[in-house]
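Below, each chain spelled out in residue letters.
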Amino acid sequence: MIFETSELDANQIYRLLVGGITPRPIAWISTISAGGVANIAPYSFFNVASCNPPILWYSQVNPRNGQDKDTLRNLIETQQCAIHIVNSQLLEQMNLSCALLPPEQSEFDFAEIESEPSHAVAALAVKYAPVRYECQLREVIQLSSLASGGTVVLLDVKSIYVDDRLWDGQMIDQQQLDSVGKMGGDFYSLTTDLSKLVRPNITIENDDKKGG
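Residues numbered from 1 in each chain as written. Predicted model: local features only at pLDDT ≥ 70, side-chain atom pairs only at ≥ 80, totals over all residues. Heavy atoms only, no water.

Labelled according to an unreviewed UniProt entry, the chain appears under the name Flavin reductase like domain-containing protein, originating from Acinetobacter modestus. What the UniProt record of the chain gives under Cofactor (unreviewed entry) is the line "FMN". The record held by UniProt for the chain lists under Sequence similarities (unreviewed entry) the comment "Belongs to the flavoredoxin family." (UniProt positions renumbered as here; feature names shortened; annotations may be inferred.)

Asks: Is there a simple way to think about unusual backbone geometry in this case?
Replies: Leaving glycine out, the prevailing phi sign among residues is negative, and the prevailing peptide bond configuration is trans. Between Thr-22 and Pro-23 the backbone carries a cis peptide bond, its omega angle lying at -15°. Here the residue pair Asn-52 and Pro-53 is connected by a cis peptide bond, since its omega of 5° sits within 30 degrees of zero. With respect to the helices and strands, Pro-53 occurs in the loop between β4 (46-51) and β5 (54-61). The phi dihedral of Ser-148 is positive, around 75°, even though this residue is not glycine. You can see Ser-148 is positioned in the loop between β9 (131-142) and β10 (150-162). Given a relative accessible area of 40%, Ser-148 falls into the partly exposed group. The phi angle at Asp-178 is positive, at roughly 65°, despite the residue not being glycine. Following the sequence through the fold, Asp-178 ends up in the loop between α5 (174-177) and β11 (180-182). (Helix = DSSP H or I, 4+ residues; strand = E, 2+ residues; numbered from the N terminus. Buried < 20%, exposed > 50% of the residue type's maximum accessible area, 1.4 Å probe, protein only.)

Asks: Any chance you could explain the nonpolar core here in plain terms?
Replies: Nonpolar side chains in soluble globular proteins generally cluster together in the buried interior. In this structure, Tyr-58, Ile-83 and Leu-155 are the most contacted members of the largest nonpolar core, which totals 21 residues. Among the secondary structure elements, those contributing two or more residues to this core are β2 (27-32), β3 (38-43), β5, α2 (70-78), β6 (80-84), β9 and β10. Tallying contributions element by element places β10 first for this core, with four residues. Among residues more than four places away in sequence, those in contact with Leu-155 are Pro-54, Ile-55, Leu-56, Tyr-58, Leu-75, Cys-81, Ile-83, Cys-135, Gln-136, Leu-137 and Arg-138. Listed in part, the 14 residues of the second largest apolar core include Ala-38, Leu-91, Ala-111 and Ala-129. (Core = buried A, V, L, I, M, F, W, Y, C linked by side-chain atoms within 4.5 Å. Contact = heavy atoms within 4.5 Å.)

Asks: Is there a simple way to think about the packing of aromatic side chains in this case?
Replies: Any pair of aromatic rings gets described here by the distance separating the centres and the angle formed by the planes. Across all of its chains, the model carries one aromatic pair by this definition. Lys-182 extends its terminal NZ or CZ atom over the ring of Tyr-188, reaching a point 5.0 Å from the ring centre. (Phe/Tyr/Trp six-rings, centres within 6.5 Å; stacked < 30°, edge-to-face > 60°. Lys NZ or Arg CZ within 6 Å of the ring centre and 35° of its normal.)

Asks: Got a minute to help me understand the UniProt feature "domain: Flavin reductase like" (unreviewed entry) in the chain in this structure?
Replies: What UniProt calls "domain: Flavin reductase like" (unreviewed entry) maps, in this numbering, to residues 19-169. Across residues 19-169, helical content stands at 14% and strand content at 42%; the span's end C-alpha atoms are separated by 37 Å.

Asks: I'm lost on the state of the cysteines in this one. Help?
Replies: Linking two cysteines covalently through their sulfur atoms gives a disulfide. All told, the structure shown has zero disulfides when counted by the stated rule. Take Cys-81: it sits in no disulfide, and the sulfur closest to it among the cysteines is that of Cys-135, at 4.6 Å. Just so you know, Cys-98 is unpaired, no disulfide at all, and the nearest cysteine sulfur is the one on Cys-81, 17 Å from it. When its relative accessible area of 38% is taken as the criterion, Cys-98 is described as partly exposed. (Disulfide = S-S within 2.5 Å.)

Asks: Hey, could you run me through the layout of surface pockets in this one?
Replies: In this approach the atoms are scanned with a rolling probe the size of a water molecule, which exposes any empty space left behind. Roughly 1,400 Å³ of volume is contained in the largest pocket. Every residue lining the largest pocket is counted, 43 residues in all, and those nearest its centre are Tyr-14, Val-61, Lys-69, Cys-98 and Leu-100. When contributions to the lining of the largest pocket are tallied by element, the ones reaching two or more residues are α1 (10-20), β3, β5, α2 and α3 (91-96). Counting residues per element, the lining of the largest pocket draws most heavily on α1, which supplies five residues. Here the lining of the largest pocket is built from residues that sort into 20 nonpolar, 13 polar and ten charged. Taken as a whole, the second largest pocket spans an internal volume of roughly 650 Å³. Looking at the lining of the second largest pocket, the elements that each hand over two or more residues are β1 (24-25), β4, β5, β9, β10, α5 and β11. Take the lining of the second largest pocket: its biggest share by element is five residues, from β4. (1 Å grid on protein atoms, 1.4 Å probe; cavity = no way out; pocket = protein on both sides within 12 Å on 5 of 7 lines; lining within 4 Å. Points joined across faces, edges and corners; volume = space filled by probe spheres on them. Nonpolar A, V, L, I, M, F, W, Y, C, P; charged D, E, K, R; others polar.)

Written out as structure tokens, the structure is:
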């Protein structure tokens, strides 16, 4: 079946995008407002934009009311955030933090999320998150101001926390990380069954070195 996007409404397009582009990594982003309210919310439009310099990105799907979400408003106000990787232990609390709370109410309190100070930013850290990226706002790029349009946020990574139990001296232990991905609808994927494939190592000779 072929779907022409010009013939679909925004909600139909959304379902086709999030239902097929799976699993998506989840950025559980904590911020603090100018008034000192701690906020945290998950975003599954998220990934690495650059490693040198280290830059992450996430995208806000614009709410129907035309207002930015608390996370973006706080980022613009205070310029900092902490991005947490969610594991299965934190899945239910992460889901609770999706609740549409008023800006003056903290999701940390609502979802009973244990917190501690971050290393390099003012935003709170989730105490038991296995990995955390502490970031400074780099740029906000509005792709569309329409409802369900996208606003892309670029973030400079200033500090990275990794649970000591996951660090083998060179890499984060993927078997122990237990990260959770977002599927379509209300579904999540668990990384309890991993497959390892070594990349092919192929040497391509230059034409001028081949025999004639």
